[in-house]
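# Per-entry structural report
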Amino acid sequence: MNRTQKEAWFGLGGISLSLCIFVWAGVKLFILKTIPEGITRFWPVLVICVFMATSIVLVRRKQSPAEVESDERDKLIKYRAVVACFVSVWVLLAAATGIPQLVVGVKGSIPVWLLAFINVGVLLIALLVYSAAVLIQYAWGQKDCGR
Amino acid sequence: MNRVKKAAWLGLTISTLLLAVLAVMSTYVGRQLRVLQLFGVLAVLGLTGLSFIILRRKQSQTEVDSDERDKLIIRKAFVATYFSLWCLLVVVCLIPQFVIGQEHQMPVGLLPLMLLGIMFICNVVYCFAVLVQYGWGGKGGEETD
């Protein structure tokens with residue numbers, strides 16, 4: 001497994017974890033209507049930081065001395081994944097613009113802090129799309145080599 | 001001038017113009033929401049249609065569509081646009097918090113305007129990145145046109 005693939009796997013894991021925490025925060029804020037207080041509200045940040053630190057250490061460690069950092073194919077895969085991510089960001093932003101209009105009406109209003117919440121959601125989903133796009137392309141490549 | 005360069009000049013001009021119109025029209029938020037949304041749709045359709053017509057027409061029979069260098073330039077410009085998109089999203093989150101405060105409310109009608117603004121700025125960044133790269137290439141005597 002090369003570095004790009006390892007990054008994508010750890011990215012997928014970390015972002016899935018972050019998305020779970022994000023959904024949990026959304027449920028607490030919008031359904032249970034409670035705002036977490038005290039030091040306990042920072043535990044998700046701690047979990048994500050520990051996961052990121054572990055990922056960086058493991059991604060930087062080479063499995064063998066012959067492991068290549070990245071070649072032309074990796075660069076192309078990364079570029080295509082960025083394109084997929086970019087397209088998904090626009091689709092998500094369009095949805096994030098339309099959904100509040102449907103919920104509160106065209107002349108309604110939303111709290112300002114919701115913008116940050118929406119954009120963090122968009123960021124997490126876009127990163128998930130990036131990691132998934134990288135892994136799917138590697139899977140397709142292996143399938144082609146197997147033929 | 002090749003197709004990529006033409007597209008960049010066209011995009012830069014139209015996006016800058018649309019940004020200016022958007023900035024003027026955003027002062028009418030809350031009064032002319034439907035008109036603003038219609039403007040957004042028409043602007044994007046018009047931009048796409050006009051670009052398509054102008055770019056399909058070749059200036060000469062020998063004009064090349066795009067070569068490897070053009071592809072590399074487009075790729076680099078795209079990556080620059082991608083990063084600027086994230087920077088813009090952060091700025092869009094922060095500005096209202098500083099201007100009207102975190103606990104206050106903002107009209108939903110402002111969201112499509114923000115999205116359009118981001119879209120036009122991204123297009124300006126992309127076109128600018130393309131033109132800057134062609135400019136650098138020109139200094140080395142490698143200009144494609």
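Remember, predicted model here, so these are calculated numbers, not experimental data.

## Examining the overall build of chain B
Within chain B one finds four helices and one strand. What you see in chain B, going N to C, is helices and strands ordered as α-α-α-β-α. Out of the 145 residues in chain B, the part that is buried amounts to 21%. Contacts in chain B between residues far apart in sequence, at least 24 positions, make up 92% of those at least 6 positions apart.

## Side note on the confidence of the model for chain A
Taken residue by residue, chain A gives an average pLDDT of 81. The fraction at 70 or more is 86%. Here helix H2 (residues 43-60) of chain A stands out as the least confident element of chain A, with mean pLDDT 74; helix H3 (residues 72-104) of chain A is the most confident, with 89.

## A word on the nonpolar core
Ranked by internal contacts, the top residues of the largest apolar core, which has 20 residues, are Ile 73, Ala 77, Phe 120, Tyr 126, Cys 127, Ala 129 and Val 130 of chain B. For this core, the elements supplying multiple residues, two or more each, are helix H1 (3-25), helix H3 (68-99) and helix H4 (110-139) of chain B. Among the elements that make up this core, the one with the highest residue count is H4 of chain B (14 residues). Residues Ala 8, Ala 81, Cys 85 and Val 112 of chain A belong to the second largest nonpolar core, which totals 17 residues.

## Section: H3 of chain B
Residue and element names in this part refer to chain B. Taking 1.5 Å as the rise per residue, H3 with 32 residues should run 46 Å; its terminal C-alpha atoms sit 46 Å apart, in good agreement. Buried within H3 are the following residues: Ile 73, Ala 77, Thr 81, Leu 85 and Leu 89. One or two positions beyond H3, positive phi appears at Gly 101, with a value near 90 degrees.

## Here we look at the packing of H3 of chain A against H3 of chain B
Look at H3 of chain A against H3 of chain B: their axes get within 11 Å of each other, and the N-to-C directions meet at 45 degrees. Considering their axes alone, H3 of chain A and H3 of chain B lie oblique with respect to each other. In this structure, H3 of chain A meets H3 of chain B at a crossing whose hand is left-handed. In this structure, H3 of chain A uses Tyr 79, Val 82, Phe 86 and Val 89 of chain A to contact H3 of chain B, whose residues at the interface are Arg 75, Val 79, Tyr 82 and Leu 85 of chain B. Residues that form the contact of H3 of chain A with H3 of chain B fall into these classes: seven nonpolar, no polar and one charged.

## Looking at the interface of chain A and chain B
The partner chain B presents 22 residues to the 19 residues of chain A that form the contact. Contributing elements (two or more residues each) for the side of chain A that touches chain B: H3, strand E1 (109-111) and helix H4 (113-146) of chain A. Partitioning the side of chain A that touches chain B into residue classes produces 14 nonpolar, five polar and no charged. Bridge analysis of E1 of chain A against strand E1 (residues 105-107) of chain B gives three bridges, and the strand direction is antiparallel. Of the residues in E1 of chain B, the one forming a bridge with Ser 109 of chain A is Pro 107 of chain B.

## So, helix H1 (residues 3-31) of chain A
Residue and element names in this part refer to chain A. The first and last C-alpha atoms of H1 sit 41 Å apart over 29 residues, in line with the 42 Å expected at 1.5 Å per residue. Among the residues of H1, those classed as buried are Thr 4, Ala 8, Gly 14, Ile 15 and Ser 18. Positive phi shows up at Lys 33, right after H1, with a value of about 55 degrees.

## So, the environment of Val 112 of chain A
Following the sequence through the fold, Val 112 of chain A ends up in the loop between E1 and H4. Judged by C-beta crowding, with 20 C-beta atoms within 10 Å, Val 112 of chain A ranks as buried. Not counting residues up to four positions away in its chain, the partners in contact with Val 112 of chain A are Pro 96, Gln 97, Ile 100, Gly 101, Gln 102, His 104 and Met 106 of chain B.

What counts and what doesn't
Residues numbered from 1 in each chain as written. Chains lettered and ligands numbered in written order. Predicted model: local features only at pLDDT ≥ 70, side-chain atom pairs only at ≥ 80, totals over all residues. Helix = DSSP H or I, 4+ residues; strand = E, 2+ residues; numbered from the N terminus. Buried ≥ 20, exposed ≤ 12 C-beta atoms within 10 Å, placed from the backbone. Contact = placed C-beta atoms within 7 Å. pLDDT = per-residue confidence, 0-100. Core = buried A, V, L, I, M, F, W, Y, C linked by C-beta atoms within 7 Å. Expected span 1.5 Å × (residues − 1). Axes fitted to C-alpha atoms, helices over the stretch in contact; angles between N-to-C directions. Parallel < 35°, antiparallel > 145°, perpendicular 65-115°, else oblique. Left-handed = near helix turned anticlockwise from the far one by under 90°. Nonpolar A, V, L, I, M, F, W, Y, C, P; charged D, E, K, R; others polar. Pairing = 2+ DSSP bridges.

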